[in-house]
Amino acid sequence: SPPLPHSDTSSDEGERRDEQEKHKEKMGKKTLADVIQEMKTFLWNSEKRECMGRTAQSWGLILLFYLIFYMFLAGMFSFCIYGLLLTLSPYTPTYRDRVSPPGVMIRPYLHGFTIAFNVSEPSTWTPYVNSMHHFLQAYDDNVQEEKNIECPAGQYFVQDGTESEEKKACQFKRSQLQNCSGIEDPTFGYSTGQPCILLKMNRIIGYRPGYGTPVSVNCAIQKGNESALKSVDFYPGNGTFDLMYYPYYGKLTHVNYTSPLVALHFTDVKKNDFVPIQCRLNGEGIVNNVTNDRFLGRIIFTLSIGM
């Protein structure tokens, strides 16, 4: 019987295979010079006057489009930033819900919240003493008398004027820390096993602690035998933060402001042991019992005094 005719589909597939084979043969016969020439033609076709497949007019139009597009994006971004800055003040933070009431910090602070030293080995307590002296330089009596003013105690020092006007600061002299000032005893008690530690509240712009009553400090054993801490002296006075140092107006306008301090003089602490101590702020509006925040209204540190 006569052979069956091929279908149109089979014929088309055969033609495509032939074309592919011819193309492969043609590509296989290309030399390096041919490839370089094709690349040169792609970069600049002198017959069509095209660079990388585009004429000068085509390149000009597409570059002009992208120039306008990116200028528009830059302008829109700048406008948004400008609008945002108009709503912000360089003197007072817009949102302060996470910084009130205040946290507490100690000095010296060198290697975490464990203050450990041996009285008989000066090299172990000298770094703490040096840190204290460095920190208290801004509180030297002559510095405070030169830069700051004397204020009436027991009341807030509220200052009128514009937000950008420079504010005055009240004096807090180093001598107010008495036995913990480092004046009479340059070692702050570390050489005798009776160390001083300075306590300060974090600065919060506009904050008035205590709602008219000074905030006080008390310290006790955080966990363990309470007899390990028998005596603590507080300076100045009875260990309070006087109201005259508040409110704080920010570093841009309250340029000479120095935070008030309370010195803790541990005159009778158990030796040759780790003694965990917790110092709390006490006053109206003070929060000091948040279990997952050891710095909010309180501070926990450890004393280890070897002889």
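Computed from a prediction, not measured in an experiment: that's the story for all the values here.

The rules behind each value
- Residues numbered from 1 in each chain as written.
- Predicted model: local features only at pLDDT ≥ 70, side-chain atom pairs only at ≥ 80, totals over all residues.
- Heavy atoms only, no water.
- Helix = DSSP H or I, 4+ residues; strand = E, 2+ residues; numbered from the N terminus.
- Rg over C-alpha atoms; globule rule 2.2 N^0.38 Å.
- Contact = heavy atoms within 4.5 Å.
- Areas by Shrake-Rupley, 256 points an atom, 1.4 Å probe, with all protein chains shown as cover.
- Core = buried A, V, L, I, M, F, W, Y, C linked by side-chain atoms within 4.5 Å.
- Buried < 20%, exposed > 50% of the residue type's maximum accessible area, 1.4 Å probe, protein only.
- Pairing = 2+ DSSP bridges.
- UniProt positions renumbered as here; feature names shortened; annotations may be inferred.

Within the chain one finds five helices and nine strands. Walking the chain from its N terminus toward its C terminus, one meets helices and strands in the order α-α-α-β-β-α-α-β-β-β-β-β-β-β. Here the chain has a C-alpha radius of gyration of 38 Å; the compact-globule value for 307 residues is 19 Å, and the former is much larger. With respect to the principal axes defined by its C-alpha atoms, the chain has extents near 120 × 55 × 45 Å. Partitioning the intrachain contacts of the chain with sequence separation of at least 6 by distance along the chain shows that 74% fall at a separation of at least 24. Carbon and sulfur atoms provide 55% of the accessible area of the chain, an area that totals close to 19400 Å².

Let us look at the nonpolar core. Among the nonpolar cores identified, the biggest contains 60 residues, and Y190, V217, L264, F266, I277, C279 and F301 are the most heavily contacted of them. Apart from the residues lying within four places of it in its own chain, the contact partners of Y190 are P108, I115, F117, V119, W125, Y128, V129, P195, C196 and I197.

What follows concerns the sheet that holds strand β2 (residues 114–118). The strands making up a sheet associate through hydrogen bonds between their backbones, and the pairing can be parallel or antiparallel. Read from one edge of the open sheet, five strands run β2-β9-β8-β4-β6, paired in mixed fashion. A single partner strand is all that each edge strand has here, and the edge strands are β2 and β6 (240–241). One ladder, built from five bridges, connects β2 with strand β9 (residues 298–306); its direction is parallel. Within β9, the residue paired with N118 across the bridge is G306.

In this section: the UniProt feature "transmembrane region" (unreviewed entry) in the chain. Sites flagged by UniProt as "transmembrane region" (unreviewed entry) map to residues 59–85. Each end of residues 59–85 is marked by a C-alpha atom, and these two atoms are 39 Å apart; helix forms 100% of the span and strand 0%.

Remember that side chains alternate between the two faces of the sheet whenever the strand is regular. With two bridges connecting them, strand β4 (residues 215–221) and β6 associate as antiparallel partners. Bridged to S216 within β6 is T240. In terms of strand pairing, β4 meets strand β8 (residues 274–282) through six bridges, oriented antiparallel. Note on β8: the bridge partner recorded for S216 is N282.

A few words now on unusual backbone geometry. Residue P108 is bonded to the preceding R107 through a cis peptide linkage, with omega at 5 degrees. Locating P108 in the fold gives a position in the loop between β1 (104–107) and β2. Here the amide bond leading from Y246 into P247 is cis, since omega sits at 0 degrees, within 30 degrees of zero. A positive phi angle, close to 50 degrees, is found at Y211, a residue other than glycine. Inspection of the secondary structure puts Y211 in the loop between β3 (196–201) and β4. In this structure Y211 comes out as exposed when scored by relative accessible area, which is 65%. Notably, N272 is not glycine yet its phi reads approximately 55 degrees, a positive angle. Considering the arrangement of structural elements, one finds N272 in the loop between β7 (262–269) and β8.

As a further point, take the pairing of β7. In terms of burial, β7 is largely enclosed, as six of its eight residues are buried. Examined bridge by bridge, β3 and β7 share four bridges and lie antiparallel to one another. Directly across from C196, in β7, lies its bridge partner H265. As paired elements, strand β5 (residues 229–235) and β7 share six bridges and run antiparallel to each other. Looking at β7, one finds that Y235 is bridged to A263.

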